[in-house]
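# A closer look at the structure
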Amino acid sequence: MQRDEVYVADMWRILVREWPWFIAGMLGVIAAVFVFAQSARPQWEATGYIQIGQVAGVLQGQDPKVEPLARVLERLKFVPFQNQVMARIGIGENTPEARLYRKSMKLEPLPYAGPLVKFTVRGWSPQQARQFAEATVAQLQALHQPLLAEPLAMTRARLDEVQADLDIAQNQRKQLILAATPNDARGRDAQAAGVASMLLTSTDTEIHTLRQTRGELAVRLSPNYTYDTSLMWPVYVPAGPAFPNLPLIWGVGVLFGLALGAFAAIARHAIRRASAATVTFNQTSDARHLPTNGGRGAATGRDSATSSPHAGMRSP
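Description of the structure in this document. Residue indices follow the written sequence of each chain, beginning from 1 at its first position. Only residues with pLDDT of 70 or above have their local features reported here, since the model is predicted, and side-chain atom pairs are shown and tallied only from 80 upward, although totals for entire chains, interfaces and linings are computed over all residues. Side-chain metrics rest on all non-hydrogen atoms present in the structure, leaving aside hydrogens and water.

Comment: elements are numbered from the N terminus, with helices defined as DSSP H or I runs of at least four residues and strands as E runs of at least two. Here a helix's expected span is defined as the number of its residues, less one, multiplied by 1.5 Å. The end-to-end C-alpha separation of helix α2 (residues 19-39) is 30 Å, in line with the 30 Å expected for 21 residues at 1.5 Å each. Residue burial is assigned from relative accessible area. The probe radius is 1.4 Å, only protein chains are included, and a residue is buried under 20% of its type maximum, exposed over 50%, and partly exposed in between. Within α2 the residues assigned to the buried category are F22, G25, M26, V29, V33 and A37. Projection of α2 onto a plane perpendicular to its axis shows the buried side chains occupying an angular sector of 105°, all on one side. Exposed residues on α2 whose side chains face more than 90 degrees from its buried face are V35, Q38 and S39. Read the arc as the range of directions from the helix axis to the C-beta atoms.

What follows is the structure in structure tokens.
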């Protein structure tokens with residue numbers, strides 16, 4: 001019965017027997033990893049969080065954000081926008097820096113946190129990565145400011161109108177208070193005072209409503225509810241480079257080197273066994289065609305009997 005299973009002991013014997021091939025494969029991978037780690041240009045990654053600007057004093061049921069979250073994401077991924085970011089800091093769109101910026105841009109929407117947009121970009125140095133991130137937010141802010149200007153101006157104009165109406169209502173209230181007070185010396189009767197008292201009540205209600213409206217508009221225009229597009233927190237750049245990740249590269253390289261070395265040793269062992277089996281097969285085939293001594297004697301006897309002239313005669 002042929003045993004098809006491969007045991008650990010068999011593998012170990014193969015590796016021990018073919019150790020030069022195992023070492024050669026592993027050293028080849030380690031040398032390649034070393035060369036890559038020394039020649040690769042380091043890249044630093046900057047992380048930022050974009051807060052989308054809004055004006056809270058818009059109509060009821062309308063989105064206060066200057067742009068929806070999905071539209072902001074598409075704008076940030078748009079190549080012309082990215083080229084504008086690079087032009088803002090004096091970098092051409094076909095330079096290696098610009099290509100690295102476009103290639104490394106990664107976006108993650110956070111709809112339940114503001115909404116916010118988490119993004120990461122890379123640069124050839126920590127300062128450059130930070131500059132790329134800040135320039136991205138500055139360019140987006142420059143595009144959003146004109147969109148925020150009109151609703152913000154309308155909300156402030158509405159606040160000014162409410163304040164003016166409130167001032168008028170308060171002045172009228174002062175006059176109605178004087179009219180509602182009976183004063184015989186001034187020739188005012190009780191009937192006129194009653195009418196002024198009713199008007200005073202209506203004015204008080206109007207003043208209360210205007211004050212409430214003014215307070216709501218003032219709260220909506222406060223920095224908690226009305227703000228420009230900006231960075232939620234300062235840009236974060238780790239101390240170490242994001243690429244190449246030396247611990248990860250060396251770990252993967254060692255594992256791949258072990259695997260390649262084992263494969264080389266097994267392949268060499270298989271070639272050796274195939275070569276040995278071919279040699280044995282050829283030797284066995286040649287031995288089959290060689291005549292034996294008994295066969296040679298029988299053939300000689302037959303030839304002698306055939307060649308003898310008296311082979312077919314009987315003795316008397």
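Continuing now.
Let's shift gears to the pairing of strand β3 (residues 116-123). Along β3, 7 of the 8 residues are buried, which leaves the element largely enclosed by surrounding structure. Two strands pair under a simple rule: DSSP has to find at least two bridges between them. Across 8 bridges, the pairing between strand β1 (residues 44-51) and β3 is antiparallel. Residue pairing in the sheet places I50 in a bridge with V117 of β3. Inspection of the sheet shows strand β2 (residues 106-110) paired to β3 by 5 bridges, in the antiparallel sense. Counterpart to P109 in the pairing with β3 is V117. Connecting β2 to the antiparallel partner β3 that follows it, the hairpin turn spans 5 residues, and G114 within it adopts a positive phi of roughly 155°.

The next point concerns the packing of helix α3 (residues 69-77) against helix α4 (residues 79-88). An axis is simply a line fitted to the C-alpha atoms; with a helix, the fit covers only the stretch in contact. Between two such axes, the angle follows the N-to-C directions and lies from 0 to 180 degrees. Relative to each other, α3 and α4 sit at 65°, their axes nearing to 5 Å. When α3 is examined against α4, the residues R75, L76 and K77 are found in contact with a partner set consisting of V79, F81 and Q82. Side-chain classes are defined by residue name, with Ala, Val, Leu, Ile, Met, Phe, Trp, Tyr, Cys and Pro counting as nonpolar, Asp, Glu, Lys and Arg as charged, and the others, Gly among them, as polar. Taken together, the residues that form the contact of α3 with α4 break down as 3 nonpolar, 1 polar and 2 charged. Any pair of residues with heavy atoms lying within 4.5 Å of one another is described as a contacting pair.

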